[in-house]
Amino acid sequence: STVLEDAFLVVGSLAAALEAGFAPYIQAFLPFLYPALKAHEDTQLCMVAVGIIGDISRALGDQSAQYAGAFMNVLLENLQSNVLTCNVKISILSSSLQAWTYNQRSLFLLHVCC
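Since the model is a prediction, treat every value here as computed from it, not as a measurement.

Draft legend 1. Spotlight on the overall build of the chain. Scanning the chain from terminus to terminus reveals five helices and zero strands. Listing each helix as α and each strand as β along the chain from the N terminus yields α-α-α-α-α. Counting every position in the chain, which comprises 114 residues, the buried fraction comes to 39%. Here the analysis covers contacts within the chain between residues at least 6 apart in sequence; of these, 68% occur between residues at least 24 apart. Total accessible area computed for the chain in this model is approximately 6500 Å², and 64% of it derives from carbon and sulfur atoms.

Draft legend 2. Layout of the packing of helix α1 (residues 3-18) against helix α3 (residues 43-60). The geometry of α1 relative to α3 is characterised by a closest axis approach of 9 Å and an angle of 10° between their N-to-C directions. One way to sum up the angle between α1 and α3 is to call them roughly parallel. Within the contact between the two elements, α1 uses Leu 4, Glu 5, Phe 8, Leu 9, Gly 12, Ala 15 and Ala 16 and α3 uses Gln 44, Leu 45, Val 48, Ala 49, Ile 52, Asp 55 and Ala 59. Of the residues in the contact of α1 with α3, the class split is 10 nonpolar, two polar and two charged.

Reading the values: rules and limits
- Residues numbered from 1 in each chain as written.
- Predicted model: local features only at pLDDT ≥ 70, side-chain atom pairs only at ≥ 80, totals over all residues.
- Heavy atoms only, no water.
- Helix = DSSP H or I, 4+ residues; strand = E, 2+ residues; numbered from the N terminus.
- Buried < 20%, exposed > 50% of the residue type's maximum accessible area, 1.4 Å probe, protein only.
- Contact = heavy atoms within 4.5 Å.
- Areas by Shrake-Rupley, 256 points an atom, 1.4 Å probe, with all protein chains shown as cover.
- Axes fitted to C-alpha atoms, helices over the stretch in contact; angles between N-to-C directions.
- Parallel < 35°, antiparallel > 145°, perpendicular 65-115°, else oblique.
- Nonpolar A, V, L, I, M, F, W, Y, C, P; charged D, E, K, R; others polar.

Honestly, that's just the spatial picture; any functional story needs more than this.
Shown next as structure tokens:
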């Protein structure tokens, strides 16, 4: 494990602990997250970064919808990579499904309630 991977795991734990209170910090974290997601040659870092997307989506709840499009674009690019292993791609599918499911449920509730 590298220092960067450990730092990402700390950020994921912080997001889980703070939940919606993590929102003020996400903009400062995104410039580190996107390059890690695109680090196809570093499988472990990429996998940790993918997991962070799920952590952030769960923590921010409805507020994560504004980041969903950018997250999904990077994850779809990763699924097309010839470098990434099946383990990373399975993790991508799991995180994508979690984020999509949460956002769809939020949109449904918004539609029903309003």
